[in-house]
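Structural overview for review
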Amino acid sequence: MDLINPAKKRSKKSYKNSGTLVLESIVVSRLYSFLDYITHGCELNFVVGVDFTGSNGDPRSPGSLHSITSGSMNEYQNALWSVGKVCEQYDSDKQFPSFGFGAKIPPHQTFSDIFPLNLNMQAPDCFGIDGIMAAYQQCVYQVKLWGPTNAAPIVNRVADMAQQEHQRIKSLSYYVLLLLTDGVLTDMQETKKAVIRASHLPMSIIIVGVGAADFKDMDELDGDDERLRLGTSVAERDIVQFVPFRKYSTAPAALAKEVLAEIPTQLVEYMHAHGLQPPAL
């Protein structure tokens, strides 16, 4: 194929070309959409993580984000219900592994970085948003809010689940961690490391900020402007979406849109990067 410069062709009678282009091979690939994957066997698995650290305030205090004194839903319950209703529609079996972190738990009030929200060590799954809400209600009465606020353990727990799928040939399972927290992390470096690890796996993270704390750590993890990095390690892709709940608490439709805004792109990026396509397409 001749490469022609129109200006030179007009000005020079002897002009033939400015070079030639030789195509040695062509590969035509179909780019599948999020809808293609979801309607042809891709399973979305949502996992819930709730922050029970002391910075949320004593649940017996009316000002606590975990307050159990008013008889109405507190901020965590409102966030869980509003966001969980959206996520529930995309999880086929409605079984949500659900965890708390940063509290002292019964029977011996030992500190735990991660524990089942239903306090059942053998069966941490909750059925649907109603099951999650019931487990939370029981948990907040039984645990003692403590600290520090370490997010890396729960990110790594879900990454372990995603790792198993990553190792399966042609697996179309994808994990989404729904993490509710009141803000400042005490293990930011470890959390960055965990998120960078997860960026190579079939996994996304939705962080819902509860309360009015400083959420700059969450904005840093949400790599919209540039990929998250730690030293020489760089995330393979952006997998974090941060949503401040108070900004959308009175606008459920806007909240639903914001919560799931980046999941389709993140899922498709992972599937394409690893050569995974929907069956029968």
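That block above? That's the structure.
What counts and what doesn't
Residues numbered from 1 in each chain as written. Predicted model: local features only at pLDDT ≥ 70, side-chain atom pairs only at ≥ 80, totals over all residues. Heavy atoms only, no water. Helix = DSSP H or I, 4+ residues; strand = E, 2+ residues; numbered from the N terminus. Contact = heavy atoms within 4.5 Å. Buried < 20%, exposed > 50% of the residue type's maximum accessible area, 1.4 Å probe, protein only. Pairing = 2+ DSSP bridges.

1. Structural notes on the environment of methionine 121
The topology assignment puts methionine 121 in the loop between strand 5 (115-116) and strand 6 (125-127). In contact with methionine 121, not counting residues within four places along its chain, are Ile105 and Pro116.

2. Overview of helix 6 (residues 188-198)
Taken residue by residue, helix 6 has Met188, Thr191, Lys192, Ala194, Val195, Ile196 and Ala198 as its buried positions. Tucked into the core, helix 6 has its buried residues touching helix 5 (152-167), strand 9 (203-209), helix 7 (216-221), strand 10 (229-230), strand 11 (233-234) and strand 12 (240-244).

3. Brief notes about the pairing of strand 8 (residues 173-181)
Within strand 8, nine of the nine residues are buried, leaving the element largely enclosed by the surrounding structure. Residues Ser173, Tyr175, Leu177, Leu179 and Thr181 of strand 8 are buried on one face, and the alternating residues Tyr174, Val176, Leu178 and Leu180, pointing to the opposite face, are buried as well. One ladder, built from eight bridges, connects strand 1 (residues 43-51) with strand 8; its direction is parallel. Each residue of the ladder has a partner; that of asparagine 45, found in strand 8, is tyrosine 175. Sheet analysis places strand 8 next to strand 9, joined by seven bridges and oriented parallel. Bridge pairing in strand 9 links tyrosine 175 to methionine 203.

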